[in-house]
Amino acid sequence: MNKDEIIKKTKAVIMFLSTIENRLDGKLPYCFKLARSRKMTLRTIPEHFAVTFGFQMVNYVEAYDIDEDLVKKVNVFVANYFGGNKKTKKNDIEKRMLEAAKDETRADDFVKFFVMFLLVSVFFPNKCGKTLAAKYLYMVFDINKVCWPEVFHDYVLDSIMTNRTDVENVVGCIIYPLYWLAEMTKIAKRKDGLDKYPRFSRWNLSNICKQVLSNFENLEEKTELWSKYDESEMRLDDPVDEVEIVVPDEKNEVPVKVQDEENEVPVEENVGASSEAKSFKAKYQFARALI
């Protein structure tokens, strides 16, 4: 990406984020006032974030008191890899991630480091962009039970609201509002043939930014986003108690759903992971595939 492209995208982000409005009574969600005379009101919610990036909603309430066993695990982890400092540095996280990637017996560590690196780089960057706050380290150890779409969404929205008079200081996943804007308005044309992928992949970010800069006053609202969800997206928005991560075996075999002809009851073949899939090697390969 050349310098001019970066400048254009930055201007587009600033222009859009500057339209955020205050909460009126402390209960209403943040909203964006768009188009000429700011007559168009759009509100983003965590479920929109989930569908945009393909994350599963989870029934999750952040605990004020962290479980004692979890505290012990985190303490041992940071003592082994980060000199006991729970405020981990991005460079150290990357170093540990690359070390773990070379060792097939350290698949679990690799996944933790990889998720930490994503958090500090994309979803929870602070202003310096170099450290990950301790509270998110606990979430990494409870990864399957965290409602990541809600946490990511609220982080960037709170940052936008806090810095609404100086949006250049906004941190978090700031590309999300642009993809969301494209879904909610007629600002840009979607790419064809990508319906099976998460919604963010269906848009050209450069084109969205170009349209924001040239046609922001004439935005037209689409029909409600919910009305366009397919079955898989509806499942993402239906909260579960815990996200189940299936580790494929080395042949990439996955459970196949078949239909019982007599009872018409869905059943599964090959249910349960094979001993090979449970091995460190299979877990390691699965973790590497995340990259």
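Note on numbering: residues in each chain are counted from 1, in written sequence order. In view of the model being predicted, local features appear only for residues whose pLDDT reaches at least 70, and side-chain atom pairs are presented and counted only at 80 or more, with totals across whole chains, interfaces and linings using the full set of residues. Each side-chain value is derived from all of the structure's non-hydrogen atoms; neither hydrogens nor water enter the calculation.

Q: Could you give an account of the pattern of salt bridges, naming the residues involved and the relevant values?
A: For this document, the term salt bridge refers to a Lys or Arg side-chain nitrogen within 4 Å of an Asp or Glu carboxyl oxygen. Counted by the stated rule, this structure contains eight salt bridges. For Glu99, the salt bridge identified is with Arg96, shortest N-O distance 3.1 Å. With Glu99 and Arg96 both in helix H4 (residues 90–101) and three residues apart, this pair spans about one turn of that helix. For Arg202, the salt bridge goes to Glu233, with nearest N and O atoms at 3.6 Å. With Arg202 in the loop between helix H8 (176–184) and helix H9 (205–215) and Glu233 in helix H10 (residues 231–237), this residue pair connects regions lying 31 residues apart in the sequence. Neither Arg202 nor Glu233 differs from the other in exposure class; each is buried. In this structure, a network of salt bridges that share partners links the residues Glu183, Arg199, Arg202 and Glu233. For the purposes of this entry, the term helix denotes a DSSP run of H or I that reaches at least four residues, the term strand denotes a run of E that reaches at least two, and both are numbered from the N terminus. Think of it in three bands: residues with accessible area under 20% of the maximum for their type are buried, residues over 50% are exposed, and the middle band is partly exposed, with areas taken using a 1.4 Å probe on protein chains only.

Q: Tell me about the side chain of Arg199, and name the residues and values.
A: Tracing the chain through its elements places Arg199 in the loop between H8 and H9. Polar contact is the term for a pair of N or O atoms within 3.5 Å; when the atoms are in protein, one must be able to donate a hydrogen and the other to accept it, and sequence-neighboring residues count only if both atoms are side-chain atoms. Here the side chain of Arg199 touches Glu183 through a polar contact of 2.8 Å, side chain to side chain.

Q: Talk me through the packing of helix H1 (residues 3–17) against H8; I want residue IDs and the actual numbers.
A: Where H1 meets H8, the axes come as close as 10 Å, and the angle between the chain directions of the two elements is 70 degrees. Classified by the interaxial angle, the pair formed by H1 and H8 is roughly perpendicular. Side by side, H1 and H8 meet where Val13, Phe16 and Leu17 of the first sit next to Pro177, Leu178, Trp180 and Leu181 of the second. Helix axes are fitted to C-alpha atoms over the stretch in contact, other axes to C-alpha atoms as well, and angles between N-to-C directions run from 0 to 180 degrees. In these notes the angle categories are as follows: under 35 degrees is roughly parallel, over 145 is roughly antiparallel, 65 to 115 is roughly perpendicular, and the rest is oblique. Contacts were defined at the residue level, with two residues in contact if any of their heavy atoms lie within 4.5 Å.

Q: Before we move on, could you go through helix H2 (residues 46–53) and cite the residues and values that matter?
A: Among the eight residues of H2, seven are classified as buried, and the element is accordingly described as predominantly covered. Along H2, the residues classified as buried are Pro46, His48, Phe49, Ala50, Val51, Thr52 and Phe53. Close packing links the buried residues of H2 with helix H5 (107–123), helix H7 (148–162), H8 and H10. Gly54 occupies a position one or two residues after H2 and carries a positive phi of about 80 degrees.

Q: Report on the nonpolar core, specifying residues and quantitative values.
A: In this description, a nonpolar core means a group of buried Ala, Val, Leu, Ile, Met, Phe, Trp, Tyr and Cys residues linked to one another through side-chain atoms lying within 4.5 Å. Counting residues in each nonpolar core, the largest one holds 67 residues, and the members touching the most others are Phe16, Leu34, Met116, Leu119, Phe124 and Ile208. By residue number, the principal contributor to this core is H5, which donates nine residues. Annotation comment: domain bounds sourced from an automatic or database domain assignment. Both domains that furnish three or more residues to this core are identified here as domain 1 (1–24 + 36–52 + 155–216) and domain 2 (60–146). Discounting chain neighbours no more than four positions away, the residues touching Phe124 are Leu119, Leu132, Tyr136, Trp148, Val151, Phe152 and Tyr155.

Q: So what about the packing of aromatic side chains? Which residues, and what values?
A: Two rings from Phe, Tyr or Trp (for Trp, the six-membered ring) form a pair when their centres are within 6.5 Å of each other. A pair whose planes differ by under 30 degrees is stacked, one over 60 is edge-to-face, and the rest are tilted. Throughout the structure, instances matching the rule amount to 28 aromatic pairs. For the ring pair Phe53 and Tyr176, a centre distance of 6.3 Å and an interplane angle of 45 degrees mean the geometry is tilted. With a gap of 123 residues between them, Phe53 in helix H2 and Tyr176 in helix H8 connect regions that are remote in the sequence. Neither Phe53 nor Tyr176 differs from the other in exposure class; each is buried. A connected cluster of aromatic rings, assembled from ring pairs, spans Phe49, Phe53, Phe55, Phe123, Phe124, Tyr136, Trp148, Phe152, Tyr155, Tyr176, Tyr179 and Phe200.

Q: Give me the side chain of Thr131: which residues, what numbers.
A: Structurally, Thr131 is set in strand S5 (residues 131–132). Residue classification places Thr131 among the buried residues on the basis of a relative accessible area of 14%. Among all residues touching Thr131, those that are not within four sequence positions of it are Lys87, Thr88, Lys89, Lys90, Val120 and Asn126.

Q: Account for the environment of Leu181, with residues named and values stated.
A: Here Leu181 lies in helix H8. You can call Leu181 buried: its relative accessible area is 0%. The sequence separation of Leu181 and Thr44 amounts to 137 residues, and the corresponding C-alpha distance is 9.3 Å. Once residues lying within four places of it in the same chain are set aside, the contact partners of Leu181 are Phe16, Leu34, Ile187, Val212, Phe216 and Leu219.

Q: Provide a residue-level description of the confidence of the model for the protein, including the pertinent values.
A: The predictor attaches a confidence to each residue, called pLDDT, with possible values from 0 through 100. Chain-level statistics for the protein give a pLDDT mean of 78 and a share of 75% at 70 or above. Across the protein, the element-wise mean pLDDT spans from 36 in strand S7 (residues 266–269) up to 95 in H4. For the stretch residues 246–280, pLDDT sits under 50, and the model shows 39 contacts to residues farther than four places along the chain or on other chains. Within the model, pLDDT remains below 50 along residues 286–291, and this stretch shows 12 contacts once partners closer than five positions in the same chain are excluded.

Q: Requested: an account of the environment of Glu99, with residues and values cited.
A: Judged by its relative accessible area of 30%, Glu99 is partly exposed. C-alpha separation for the pair Glu99 and Asp109, spaced 10 residues apart in sequence, amounts to 9.8 Å. Separated by 3.1 Å, the side chains of Glu99 and Arg96 make a polar contact.

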